[in-house]
Amino acid sequence: MRRSRYAQIAIFAAVAVALQLLAQASGKAFFLTQLTMAAYTSLLVIGLSLLMGYAGQISLGHAGFFAIGGYTSAVLTTADLGPHRGRAIVAALSKLHLLVARPDLYGGEALSVHPWAAFACALLSAAAIACAIGIPVLKLRGHYLAMATLGFGTIVHSIVLGTQRFGAADGISGVPPFELVPGLRVGGSPSARAQNYDLACALLAAGMLLLVNLVHSRVGRALRAIHGAEEAASAMGVDTARFKLNTFVLSAVMAAVAGVFLTHFNGGIGPSEASIMKSVRYVAIVAVGGMGSLWGTLTMSAVLNFLSLRGIFGSLDDAVFAAILILVMLFSPQGILHLLRRPWVPRERA
Amino acid sequence: MLLELFFQYLVAGLTYGTIYAIVGIGFNIIYNTTGIINFAQGEFVMLGGMTAVTLHRFLPLPAAILGAVLATMALGALIEVTFIRWLAKPAVLRMIVITIGVSILVREAALHLWGEGVRSLPYFTGNEVTSLAIGGVRVSPQVLWSLGACLVIVVLLHLFSRFTMLGRQMRACAQNRDAAALCGLPTRNLVTLSFVLSAGIGALAGCVVCPITYTQYGIGAGLAIKGFTVAILGGLGSSLAAVAAGFILGILESFSIWAMPTAYKDAISVAILLAILFWRPSGLFGDREAARLKAF
């Protein structure tokens, strides 16, 4: 069992490398940019897949967590603390090497938070908010849970849209690259395209490894028990509230990680990233990939996001996702890949 | 002066409250017969307004509104027959996702059909600046029109469900669908009828408030969230409670502008929604015991 799990990761790595070689050999290296973005989005989607497919809890607000991650990092790394140099807090941060100086637009020097510190802040705030929201929200079920998470997403959207500090409708641009280690930076420069692609795939593989191991552990079994019958799981001694909350927070943190990396990669973030349509789109991808099938979700996420980012669907982008969502839910609620399975294998129950 | 301002905010709150109330009633009608929350409810309001604006180019206003309501009702029936009718006992999660998908499809279709422009119907009586002085407060006649429409809808709906055979059948279906089917009631048709009714009510509301609030392809989603807030705030299933809750929400929202930037106005209703869901999911006027037994 364990060997096959690592074999799956190895296959993923092989496919990722093959795609890179293919793109470079065919002279379409720019495809790697969209593939990188698709990989970061997939990181969010597989986290949501854990929450929806395994724990059985819908979230229509995950774009909110993506935005919390992205915006936190964007605000901290673009804020110029230079004018506040005299303040004690700025001096203390500076002494802790949490600030970096970088040239600003006018050739002067801007002092802003180090991307690693901003990254930590982004994850902590996403986790804290997920915790605060999750404790009451996860007591709800069905329609109420859907509406409550939708409501959370709406609040995040209207806050980033209505706050000047977050750039209101324009969003935040000019986010500097994120230098993970010297020489390895998350950013959009064309020369670092391959490097960024590899990095995104490695991050996605790490996320996948974490989740695959998780669903095959005690935690995974507990989550499936909750999905099957929450009362029964609770009666068997599964701490359902804690498992649901932990899963919710984990998926929120994964969304925030995706948000931070994609923001640094794109060099900016806008309020549309927090929109309800984005959340619905993530849910659509999880549904298409098959609830409770991480690899199915990952495959569909990579394919659909790549096609969408290439602009294949044109102005029908949202409509295509909605149509896919409806068709899958009407005809094959277990996901598209489920239809491809050998017909003589009995179907699992949803 | 302050008192006058207070009343102006109150009137504005009532106007928006009307439309929230009517969307909430629409949620209730469908929820009662099917147990489904129809996330596409707000789109009916948008479609009603948009269709009426288009029809008004060729037809007089009353005919345009009638046409818009009928067209939206037909679409409501179409949605039910295409996406919902033939599913046997679908899971809640599945229905949520399907109705959300439908609402996005409708919105995108409207975007391609009508573009992004903001439209409005002419005022039913008078124009933008006409106002009636009621006790020192200036009120646009259109506000009275929308309050009146809301009142008429609630009364007619009440009479319909109390005193007509069809209304009684719908109530039977709402109480226990299986039992109603065993008694020979055409439950599937009743479900379709509930979609038609709720679409018609939504479209009518969309037409009546359109001169004041304007309409655009994308207003549905926000209205759906607010209508749902209202339906929950009142306690799912009761129309009168939805009206009361609609006015409460409209007024709270209108006064929130005093305390907070307008950009956060939408966040208010969502915050109320979350608070209600956390502390009293049965709603202000709902029965706690009954709510506990329902499956959400």
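Residues numbered from 1 in each chain as written. Chains lettered and ligands numbered in written order. Predicted model: local features only at pLDDT ≥ 70, side-chain atom pairs only at ≥ 80, totals over all residues. Heavy atoms only, no water.

Undergrad: Help me understand the interface of chain B and chain A, please; the structure alone is not making it clear to me.
TA: It is common to report an interface's size as the accessible area lost on association of the parts. In this complex, chain B contributes 36 residues to the contact, which on the side of chain A involves 37 residues. Between chain B and chain A, roughly 3300 Å² of surface is buried when both sides are summed, and carbon and sulfur atoms account for 83% of that area. For the pair chain B and chain A, the interface holds 0 salt bridges. Linking chain B with chain A are 3 residue pairs in polar contact (both at pLDDT 80 or more), by the criterion used here. (Contact = heavy atoms within 4.5 Å. Buried area = accessible area lost by both parts, 1.4 Å probe. Salt bridge = Lys/Arg side-chain N within 4 Å of Asp/Glu carboxyl O. Polar contact = N/O pair within 3.5 Å; in protein donor to acceptor, adjacent residues only side chain to side chain.)

Undergrad: Whenever I open this one, the packing of helix α10 (residues 239–259) of chain B against helix α11 (residues 265–279) of chain B confuses me. Can you help?
TA: When two helices pack together, you describe them by how their axes are tilted relative to each other and by the distance separating the axes. Residue and element names in this part refer to chain B. Where α10 contacts α11, the two axes come as close as 9 Å, and the packing angle between them is 135°. Considered as vectors, α10 and α11 are oriented oblique to each other. As for the relative orientation of α10 and α11, their crossing is right-handed in sense. Counted together, Leu 249, Leu 252, Glu 253, Ser 256 and Ile 257 of α10 and Lys 265, Ile 268, Ser 269 and Ile 272 of α11 form the full contact between these two elements. Looking at the contact of α10 with α11 residue by residue, the class counts come to 5 nonpolar, 2 polar and 2 charged. (Axes fitted to C-alpha atoms, helices over the stretch in contact; angles between N-to-C directions. Helix = DSSP H or I, 4+ residues; strand = E, 2+ residues; numbered from the N terminus. Parallel < 35°, antiparallel > 145°, perpendicular 65-115°, else oblique. Left-handed = near helix turned anticlockwise from the far one by under 90°. Nonpolar A, V, L, I, M, F, W, Y, C, P; charged D, E, K, R; others polar.)

Undergrad: Help me out: how do you make sense of the side chain of Gln142(B) in this one?
TA: Residues and elements named next belong to chain B. Following the sequence through the fold, Gln 142 ends up in helix α5 (residues 141–163). Residue classification places Gln 142 among the buried positions, given a relative accessible area of 0%. Within the structure, the side chain of Gln 142 is placed 2.9 Å from the backbone nitrogen of Phe 124, a separation counted as a polar contact. The residues contacting Gln 142, other than those within four sequence positions of it, are Tyr 123, Phe 124, Val 208, Pro 211 and Ile 212. (Buried < 20%, exposed > 50% of the residue type's maximum accessible area, 1.4 Å probe, protein only.)

Undergrad: Which parts of the structure should I look at to understand a positive patch on the surface?
TA: Residues and elements named next belong to chain A. Taken together, the side chains of Arg 218, Arg 221, Arg 224 and Arg 242 make up a positively charged region of the molecular surface. Looking at which element gives the most residues to the positive patch, the answer is helix α8 (residues 218–228), with 3 residues. Tracing the chain through its elements places Arg 218 in helix α8. (Patch = residues over 30% accessible without salt bridge, like charges linked within 9 Å, V, L, I, M, F, W, Y side chains within 5 Å. Areas by Shrake-Rupley, 256 points an atom, 1.4 Å probe, with all protein chains shown as cover. Lys, Arg positive; Asp, Glu negative; His and termini not counted. Charge placed at Lys NZ, Arg CZ, Asp CG, Glu CD.)

Undergrad: Before we go on, may I ask you to explain the pattern of salt bridges in this structure?
TA: Pairing between side chains of opposite charge can happen when the charged atoms of each approach one another. A complete count under the given rule lists 8 salt bridges over all chains for this structure. Glu230(A) serves as the salt-bridge partner of Lys244(A), at 2.9 Å between the closest nitrogen and oxygen. One end of the pair, Lys244(A), is in helix α10 (residues 240–266); the other, Glu230(A), is in helix α9 (residues 230–235), and 14 residues separate them in sequence. By the burial criterion, Lys244(A) is buried, and Glu230(A) matches it. Residue Glu43(B) is joined to Arg107(B) by a salt bridge in which the shortest nitrogen-to-oxygen separation is 3.7 Å. Pair noted here: Glu43(B) is in helix α2 (residues 41–55) and Arg107(B) is in helix α4 (residues 92–114), with a separation of 64 residues, a long-range link.

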